[in-house]
Amino acid sequence: MMAQAAQFDTFTLERTFAAPPARVFRAFSDPREKKRWFAEGAQHEIEQYDMQFEVGGRELARYRFKPGTPFAGVALASDGYILDIVPQQRIVAAATMAMGERRFSASLHTFEFFSDGPDATRLVFTHQAMYGDGADGPDLRRIGWQQLLDQLHAALAVE
């Protein structure tokens, strides 16, 4: 069976959070905090989440979809690498995603943090990706990241 041609896409999402850049940056850099808004979810069980927040560090997430979901029992894996960190200003990471044993995407994530007043941060997130056979594709990936940023907003709002 011949593989389909790869699909490429780039999108940017912007959000403003009612917290200073140091606080929003910590939501990305502290493994316990990031796990809460990034990895936890109603659709899956977390089997593993590890992050070493340093240039060259890894971020590994292993999930299994819950019963009642379209992919019940199937494993989903995200393998990431942190490529660049400028404290309170920028994080760049690369990641692959796989369902079962089949890798279906590779992406570059750039998060930029801008002070927007004394207690506000504007986050600019740029997602560049290659989608292979059976991938979720750009539209679903954008929706997924919008949901993740909503979860980040909720996590920051409870303080």
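First, a word on scope: everything that follows refers to the structure included in this document. Along each chain, numbering runs from 1 in the same order as the chain's sequence is written. Since the coordinates come from a predicted model, pLDDT governs what is reported: local features require at least 70, and pairs of side-chain atoms require 80 or more to be given and counted, while whole-chain, interface and lining totals use all residues. Calculated side-chain values reflect all of the structure's heavy atoms, with hydrogen atoms and water omitted.

A few words on the pairing of strand E4 (residues 75-86). A regular strand carries its side chains on alternate faces of the sheet. In terms of strand pairing, strand E3 (residues 58-65) meets E4 through seven bridges, oriented antiparallel. Directly across from Ala 61, in E4, lies its bridge partner Ser 78. Two strands qualify as a pair provided that DSSP identifies no fewer than 2 bridges between them. Helix and strand assignments follow DSSP, with helices taken as H or I runs no shorter than four residues and strands as E runs no shorter than two, numbered in order from the N terminus. Of the pairings in the sheet, the one linking E4 to strand E5 (residues 90-99) comprises ten bridges and is antiparallel in character. Note that in E5 the partner of Asp 84 across the bridge is Val 92. Counting the residues that bridge the hairpin from E4 to E5 gives three residues, and of these Gln 88 lies at a positive phi of roughly 60°.

The subject of this paragraph is the sheet that holds E5. The sheet built from seven strands is open, its strands ordered E1-E7-E6-E5-E4-E3-E2 with antiparallel pairing. Edge positions in the open sheet fall to strand E1 (7-17) and strand E2 (44-51), since each of these has one partner strand only. Across the sheet, the mean angle separating the axes of adjacent strands is 15° when strand polarity is ignored. Taken together, the seven bridges between E2 and E3 define a ladder with antiparallel strand orientation. By the bridge assignment, His 44 is partnered in E3 with Phe 65. Contacts between residues were defined by any pair of non-hydrogen atoms, one from each residue, lying within 4.5 Å. Convention adopted: a line fitted to C-alpha atoms gives each axis, helices being fitted over their contacting stretch, and angles between N-to-C directions are expressed from 0 to 180 degrees. Helix-sheet contacts for helix H1 (residues 21-29) involve E1, E2, E4, E5, strand E6 (102-115) and strand E7 (121-131), and the interaxial angle to E6 is about 160°. Across the sheet, helix H2 (residues 31-39) is in contact with E2 and E3; its angle to E2 comes to roughly 150°.

Let's shift gears to H1. The cut-offs for exposure are 20% and 50% of the maximum accessible area for each residue type, with area from a 1.4 Å probe on protein chains only; residues under the lower value are buried, those over the upper are exposed, and the others partly exposed. Most of H1 is tucked away, with seven of its nine residues classed as buried. Of the residues making up H1, those classed as buried are Pro 21, Arg 23, Val 24, Phe 25, Ala 27, Phe 28 and Ser 29.

A separate point is the packing of aromatic side chains. Centres within 6.5 Å make a pair out of two Phe, Tyr or Trp rings, where for Trp the six-membered ring is used; the pair is then stacked when the planes are under 30 degrees apart, edge-to-face when over 60, and tilted otherwise. Enumeration over the complete set of coordinates arrives at eleven aromatic pairs. Relative to Phe 125, the ring of Phe 11 has its centre 6.3 Å away and its plane inclined at 80°; by these criteria the two rings are edge-to-face. In this pair, Phe 11 is assigned in strand E1 and Phe 125 in strand E7, connecting sequence segments 114 residues apart. Considered together, Phe 11 and Phe 125 belong to a single accessibility category, that of buried residues. Ring centres 5.8 Å apart and planes at 75° place the aromatic pair Trp 37 and Phe 38 in the edge-to-face group. Pair check on accessibility: Trp 37 and Phe 38 agree, each one buried. The rings of Phe 11, Phe 25, Phe 28, Trp 37, Phe 38, Phe 53, Phe 111, Phe 113, Phe 125 and Trp 145 are connected pair by pair, giving a single aromatic cluster. Placement of a charge over a ring requires the Lys NZ or Arg CZ to be within 6 Å of the ring centre, with the centre-to-atom vector within 35 degrees of the ring normal. Against the face of Phe 38 rests Lys 34, its NZ or CZ located 4.5 Å from the ring centre. Note that Arg 122 overlies the ring of Phe 114, its terminal NZ or CZ placed 4.7 Å from the centroid.

The quantities given are spatial measurements derived from coordinates; they are silent on function.
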